[in-house]
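Topology and contacts: notes
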Amino acid sequence: MLDYILKNKEWIFSGAGVSVILIITRWLFRSSKSKVLPSQSRTPSSVLVEVIQPPSLPARDVQDSSEVASIVKRFNRILDLMNEKRRYRKYTIAGLAQLMKLHSVGELESVFLGNHEPSFDFINHFCETFGVNRNWLIEGKEAPFRNSDEAHYDPIEYLNEIENLKPNKLYFIRSASEVGEVFLLLKFSDHKYKIISRVWHISDHVGAGGQSQILGMYRLILALQKSKFGLSCGGRILKEENFNDLLYGEVFPGSIIDFPAQENPWWDDFVDVYHKYPISSNYASLYGNGFIAAQSIVRLKLEEIKER
């Protein structure tokens, strides 16, 4: 074949030879293309693109929509609530970690930053340390400082519980409304409180059952005064809005009790049902007519007991 090309090179590389070669080449190309199977008709480049292209996924922000992210937000919400109204000596993550007696600040900081998922034991420890509602922290149910314990009907029934829990201080919280709603707040430290989520009406806005509860409040106060908790009792009279926020656990108790820390001895004056205190002439102006009516109910109940 090489000898033939050398002998006829002048004709092959002439215009006529080149034309013949082009015609033969086109014929061979068309003939080979027609023999390619349908499954092989795609170009290699198109196959490559199909193989390396990743499957499309729905766009979503996993961090913001996850359950863990919601818990992280609630951890941070607790810190915000604890610092509400505080201008000085604010709580910090490092301070909370120290109160929890953790090995390092990073154990708690990694939770607040969302870098570490807290275990249920860790959550329980946090809630126990700061009086936080576990159901709220885990699932967002109820309120941050809401107490879901079973409530007692008669105030005197809480005496044993108070003695067993041994709070540093007990507050009798009263609403400034005409109805005179009252509930108990136990303080264990500056960072931990327990709300007794049971309301009693210390006024004449009650029926027969309410009257027995008023007597129960009278008996509870007297019993506490005679016990070792006598010097650890305190009182507050709050505007309805603040009263409800505190009762339902929407706020950190310290932000209501301590800012401002205005002690009110209404609970001590209440047990003066025979008006022996020098200040008794001012009870109506200080606490309202409902307060005087509640004292009258106690007197009647005491007289009934004597007659039996």
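Below is a summary of the structure that appears in this document. What you see is a predicted model, and the numbers here were worked out from it, not measured in a lab.

**Some details on the side chain of Lys187**
As for its placement among the helices and strands, Lys187 is situated in strand β2 (residues 181–189). Within the local environment of Lys187, its side chain forms a polar contact with the side chain of Asp190, the two groups lying 3.1 Å apart. Among all residues touching Lys187, those that are not within four sequence positions of it are Pro167, Asn168, Lys169, Tyr171, Lys192, Tyr193 and Asp258.

**Considering unusual backbone geometry**
Cis peptide bonds are those with omega within 30 degrees of zero, and the linkage from Phe259 to Pro260 qualifies with -5°. Here Pro260 is to be found in the loop between α14 (253–257) and α15 (266–270). If you check the backbone angles, Lys101 has positive phi at about 60° while not being a glycine. Although it is not a glycine, His275 adopts a positive phi angle of roughly 55°. With respect to the helices and strands, the residue His275 is situated in the loop between α15 and α16 (283–287). Relative accessible area serves as the criterion here: at 30%, His275 is assigned to the partly exposed category.

**Topic: the packing of helix α6 (residues 67–82) against helix α9 (residues 120–130)**
At a minimum axis separation of 13 Å, α6 and α9 run at an interaxial angle of 10°. Classed by the angle they form, the pair α6 and α9 counts as roughly parallel. Mapping the contact onto sequence places Phe75, Ile78 and Met82 in α6 and Phe122, Ile123, Phe126 and Phe130 in α9. Partitioned by chemical class, the residues of the contact of α6 with α9 number seven nonpolar, no polar and no charged.

**Some details on the packing of aromatic side chains**
Across all of its chains, the model carries 14 aromatic pairs by this definition. An aromatic cluster of at least three residues, connected via ring pairs, comprises Phe75, Phe112, Phe126 and Phe130. In this structure, Arg174 is placed above the aromatic ring of Trp266, and the distance from its NZ or CZ to the ring centre is 5.7 Å. The lysine or arginine in question, Lys192, covers the ring of Phe188, its NZ or CZ lying 5.4 Å from the ring centre.

**Some details on the sheet that holds β2**
Taken in spatial order, the four strands of this open sheet run β3-β2-β1-β4, and their pairing is mixed. Every other strand in the sheet has two partners, leaving β3 (192–201) and β4 (233–238) as the edge strands with one partner each. Pairwise comparison of adjacent strand axes, ignoring direction, gives a mean angle of 20° for this sheet. Here β2 pairs with β3 via seven bridges, running antiparallel. Paired with Leu186 across the bridge in β3 is Lys194.

What counts and what doesn't
- In every chain, residue numbers begin from 1 and rise along the written sequence.
- In view of the model being predicted, local features appear only for residues whose pLDDT reaches at least 70, and side-chain atom pairs are presented and counted only at 80 or more, with totals across whole chains, interfaces and linings using the full set of residues.
- As a rule here, side-chain values cover all heavy atoms of the structure and leave hydrogens and water aside.
- Strands here are runs of E lasting at least two residues and helices are runs of H or I lasting at least four, both read from the DSSP assignment and numbered beginning at the N terminus.
- Identification of polar contacts relies on pairs of N or O atoms within 3.5 Å, with a donor-acceptor requirement for protein atoms, meaning one able to donate a hydrogen and the other able to accept it, and with residues adjacent in sequence counted only if both atoms are side-chain atoms.
- By definition, residues are in contact when any of their heavy atoms lie within 4.5 Å.
- The classification of residues rests on relative accessible area computed with a 1.4 Å probe and restricted to protein chains. Under 20% of the type maximum is buried, over 50% is exposed, and intermediate values are partly exposed.
- Angular values range over 0 to 180 degrees, each being the angle between N-to-C directions of two axes fitted as lines to C-alpha atoms, with helices fitted over their stretch in contact.
- Orientation labels follow simple angle bins: below 35 degrees gives roughly parallel, above 145 gives roughly antiparallel, 65 to 115 gives roughly perpendicular, and whatever is left gives oblique.
- Classification convention: Asp, Glu, Lys, Arg as charged; Ala, Val, Leu, Ile, Met, Phe, Trp, Tyr, Cys, Pro as nonpolar; all other residues, Gly among them, as polar.
- Working definition: rings of Phe, Tyr and Trp (its six-membered ring) pair if their centres are within 6.5 Å, and the pair is stacked with planes under 30 degrees apart, edge-to-face with planes over 60 apart, and tilted otherwise.
- Counted as over-ring charges are cases with an Arg CZ or a Lys NZ within 6 Å of the ring centre that also lie within 35 degrees of the ring normal.
- Pairs of strands are assigned from DSSP output, requiring at least two bridges between the strands.

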